[in-house]
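In case you want the letters, here they are:
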Amino acid sequence: MDGVELYREIKQRSPETVAILATAFPNHPRADQAIKAGLWKILSKPVDLSQLASSLDEALHRPLMLLVDDDHDLCANLSDIFRERGYRVAIAHDLHSATERLRRQEFEIILVDVRLPDGDGREPLKSVRGPPNETRTILITGQRASDIGTLSDDVRTDAVCHKPLDVEELFKLIGRYKRG
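Residues numbered from 1 in each chain as written. Predicted model: local features only at pLDDT ≥ 70, side-chain atom pairs only at ≥ 80, totals over all residues. Heavy atoms only, no water.

## Things to note about the packing of aromatic side chains
Going through the model one piece at a time under the given rule, you end up with three aromatic pairs. Plain terms: the ring middles of Phe82 and Tyr87 are 5.8 Å apart, the flat faces sit at 75° to each other, and that makes the pair edge-to-face. No difference in accessibility class separates Phe82 from Tyr87, as the two residues are buried. A centroid spacing of 6.3 Å and a plane angle of 50° characterise the contact between Tyr87 and Phe171, whose relative ring orientation is tilted. With Tyr87 in the loop between α4 (72-84) and β4 (88-92) and Phe171 in helix α7 (residues 167-177), the pair connects residues that are 84 residues apart, well separated along the chain. Looking at Tyr87, the relative accessible area reads 4%, which means it is buried. Relative accessible area serves as the criterion here: at 10%, Phe171 is assigned to the buried category. Among the aromatic residues, those joined into a cluster by ring pairs are Phe82, Tyr87 and Phe171. (Phe/Tyr/Trp six-rings, centres within 6.5 Å; stacked < 30°, edge-to-face > 60°. Buried < 20%, exposed > 50% of the residue type's maximum accessible area, 1.4 Å probe, protein only. Helix = DSSP H or I, 4+ residues; strand = E, 2+ residues; numbered from the N terminus.)

As structure tokens, this is what we get:
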């Protein structure tokens, strides 16, 4: 397995991982394939340690987002778009996965579909970690506003976006909430 194949495997298992490829052949067509597949950065060998440290620091400060939706194609498309704009993106397709991710990690922004196959997408938001106003939650839904119902006090929600999503409007909304 080469580095590009390894990256694709990592992306399947942990899409929020920011990957940096170190190679003696940065202009090789396989390196271009890796960038197109979502690899963040390529460093030439021998690796300049100060450049690596700077790249790692930059990667760690990219906003972390959780996308919760049972539509695998929507998640893949949005994930690619968000990555291109500098976000690390984790994905969950059901309540259990979303709750587990929220239990293990803090997220800056959470986009969650209201209706998931195994229940109400707002349910995992009750376990959001972090101080109030640190994590922003945006509901995404194909339902009319009147069908969403009222949000309970124990679920922090900052906005609602309706499907089909207007990606540019979504980025404007996220831009207002982004830290720093």
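## Overview of the sheet that holds strand β3 (residues 64-68)
Taken in spatial order, the five strands make up an open sheet running β4-β3-β5-β8-β9, and their pairing is parallel. On the outer flanks of this sheet lie β4 and β9 (159-162), each paired with one strand and no other. The mean angle between the axes of side-by-side strands here comes to 20°, regardless of whether they run parallel or antiparallel. Of the strand pairs in this sheet, β3 and β4 are connected by five bridges, and their pairing is parallel. Counted as the bridge partner of Met65 is Val89 from β4. (Pairing = 2+ DSSP bridges. Axes fitted to C-alpha atoms, helices over the stretch in contact; angles between N-to-C directions.)

## Some remarks on unusual backbone geometry
Omega for the bond connecting Lys45 with Pro46 falls within 30 degrees of zero, at -5°, which places this linkage in the cis form. The topology assignment puts Pro46 in the loop between β2 (41-44) and α3 (49-60). Residue Pro164 is reached from Lys163 by a cis peptide bond, and omega for that bond is -5°. Considering the arrangement of structural elements, one finds Pro164 in the loop between β9 and α7.

## Focus on α7
Within α7, the full set of buried residues consists of Leu170, Phe171, Leu173, Ile174 and Tyr177. Projected down its long axis, α7 carries its buried residues within an arc of 160°, all on one side. Along α7, the residues that are exposed and aim more than 90 degrees away from the buried face are Lys172 and Arg176. In the core, the buried residues of α7 are packed alongside β3, α4, β5 (109-113), β8 (136-141) and β9. Where α7 begins, the capping side chain belongs to Asp166, and its oxygen is found 3.1 Å from the backbone nitrogen of Glu168. (Arc of directions from axis to C-beta. Contact = heavy atoms within 4.5 Å. Polar contact = N/O pair within 3.5 Å; in protein donor to acceptor, adjacent residues only side chain to side chain.)

## Here we look at the pairing of β3
A regular strand carries its side chains on alternate faces of the sheet. Within β3, five of the five residues are buried, leaving the element largely enclosed by the surrounding structure. Of the two faces of β3, the one carrying Leu64, Leu66 and Val68 and the one carrying Met65 and Leu67 are both buried. As a crossover connection, the stretch from β3 through α4 into β4 is right-handed. Bridge count for β3 against β5 is four bridges, and the pairing is parallel. (Right-handed = clockwise from strand over helix to strand, strands pointing away.)

## Things to note about a nonpolar patch on the surface
Where nonpolar side chains cluster on the molecular surface, the patch consists of Met1, Leu6 and Ile10 and spans about 310 Å² of accessible area. With respect to the helices and strands, Leu6 occurs in helix α1 (residues 3-13). (Patch = residues over 30% accessible without salt bridge, like charges linked within 9 Å, V, L, I, M, F, W, Y side chains within 5 Å. Areas by Shrake-Rupley, 256 points an atom, 1.4 Å probe, with all protein chains shown as cover. Salt bridge = Lys/Arg side-chain N within 4 Å of Asp/Glu carboxyl O.)

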